[in-house]
Amino acid sequence: MQFRTRIEIKPFEQKIDHSSRILSLGSCFATSVAERLKRAKFDVTASPTGILFNPESIAAAIERFDAVSRSDRGSLPSAEDLCYGNGRYFSFDFHSDFSHSDANQALTQMREAVEAGAKAVTEADTIIITFGTAFVYRLRQNGEVVANCHKQPQAYFVKEMLSVEEIAARYKALINGILADKQIIFTLSPVRHLGDGLEQNSLSKSTARVAIDSIVRSCHNAHYFPSYEILVDELRDYRFYADDMAHPARVAIDYIWQRFGEAAFGIETRTLNEKIEKIIRAAEHRPFNGQSEEHRNFCRRMMAEIEALERQHPQLKFEQEKATFGTYL
């Protein structure tokens, strides 16, 4: 008997390997995927300007990165972009992680983030874009969409839902333009936006999902990975959610990562990932007796495995793991 439905995922034609350069943008789920990629020693830049939930803010960030990469210094954040509230300087285009009590410090952080994004969008061959919601908040004073409300008064904003047509047209233009030479992987965040209410969350996710389908059907270099469907339909149980009943639990993220690997990685890359994970887990393990000769021999074996991998794959860096093993030698 079969007790669950398994999502059948079509493997990507263009595989990701450790020579790939990846840019991940979007919701907090995009950060979770990027963390798994980083752990596996992939070259990945994750959300340079912070978590971005809606499609419009993600698109605006990509355009800004591209402009700066073409030496448009006017696209870098300036003092005029800063707002002040709750004792901190911030920008509505950046996550609250970039706010600061000192205006110069806030501006420096933001400019460095955009520079990092410009470098990443230029060098990346694969861009992972994760939509969290189709809802946007616009400033009443000028109608501009904000990336983050920074806990400012609700009266400052007007909430609305982007249409399928708006989202699709925005991204088709980007993918056929400045992103034409990139592989674009879309995902829909499985994180529930409970603040919208479950009915509105469902409507929002549906809108974003239909928009992604329209984009993928029209753009040959765009693909969809069903992270949302894996959690909602394949796992389909509250035990796969964190305590807030909104975010996926660690075991769910681990499983989604496994399924992502099946679609995005070739056999050699998956085998290499297993070797890398073995070394990382060994470094994370706390020995019962770190001064024993047995543990020293174990560390020597791990160092030898690292050296072998670094010879075969010079792009891999195991500095942290080598430092850990080296403390016992």
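Here we summarise the structure given alongside this text.

Reading the values: the criteria
- One numbering rule holds for all chains: residues counted from 1, following each sequence as written.
- Only residues with pLDDT of at least 70 get local features here, since the model is predicted, and only at 80 or more are side-chain atom pairs given and counted; chain-wide, interface and lining totals rely on the full set of residues.
- Excluding hydrogens and water, the side-chain values take into account all heavy atoms of the structure.
- The numbering of helices and of strands both runs from the N terminus, where a helix is a DSSP run of H or I of at least 4 residues and a strand a run of E of at least 2.
- Burial classes follow relative accessibility: with a 1.4 Å probe on protein chains only, a residue under 20% of its type's maximum area counts as buried, one over 50% as exposed, and anything between as partly exposed.
- The criterion used for residue contact is that any of the two residues' heavy atoms lie within 4.5 Å.
- At least two bridges found by DSSP between two strands is the condition for calling them paired.
- Handedness of a crossover is defined as follows: with both strands directed away from the viewer, a clockwise route from the first strand across the helix to the second makes it right-handed.
- Only Phe, Tyr and Trp rings take part, Trp by its six-membered ring, and two of them pair if their centres are within 6.5 Å. Stacked means planes under 30 degrees apart, edge-to-face means over 60, and tilted covers everything else.
- Lysine NZ or arginine CZ positioned within 6 Å of the ring centre and within 35 degrees of the ring normal marks a charge as sitting over the ring.

## What about the side chain of Asn-273?
Inference 1: Inspection of the secondary structure puts Asn-273 in helix 8 (residues 267-284).
Inference 2: Since its relative accessible area comes to 12%, Asn-273 is described here as buried.
Inference 3: Once residues lying within four places of it in the same chain are set aside, the contact partners of Asn-273 are His-18, Ala-40, Phe-42 and Phe-265.

## Digging into the pairing of strand 1 (residues 21-26)
Inference 1: For strand 1, the buried fraction is high: 5 of the 6 residues fall into the buried class.
Inference 2: Relative to strand 2 (residues 43-46), strand 1 is paired through 4 bridges, and the arrangement is parallel. In the sheet register, Ser-24 faces strand 2, and the bridge partner there is Ala-46.
Inference 3: Note that the unit made of strand 1, helix 1 (residues 28-39) and strand 2 has a crossover that is right-handed.
Inference 4: Bridge analysis of strand 1 against strand 5 (residues 126-131) gives 5 bridges, and the strand direction is parallel. When the sheet's bridge partners are listed, Gly-26 is paired in strand 5 with Thr-130.

## What to know about the packing of aromatic side chains
Inference 1: Scanning the model with the defined rule gives 17 aromatic pairs in all.
Inference 2: Judged by centre distance (5.2 Å) and plane angle (85°), the ring pair of Phe-225 and Phe-260 falls under edge-to-face. A residue pair is termed long-range when its members are at least 10 positions apart, and Phe-225 in strand 10 (residues 222-225) and Phe-260 in helix 7 (residues 250-264) qualify at 35 residues.
Inference 3: Among the residues examined, Phe-260 registers a relative accessible area of 4% and is labelled buried.
Inference 4: Relative to Tyr-241, the ring of Tyr-238 lies with its centre 6.0 Å away and its plane at 50°, an arrangement referred to as tilted.
Inference 5: Judged by relative accessible area, Tyr-241 falls into the buried class, the value being 10%.
Inference 6: Here a set of aromatic residues connected by ring pairs shows up, and it is made of Phe-12, Phe-42, Phe-225, Trp-257, Phe-260 and Phe-265.
Inference 7: Here Arg-209 stacks its cationic end above the ring of Tyr-224, 3.7 Å away from the centre of that ring.

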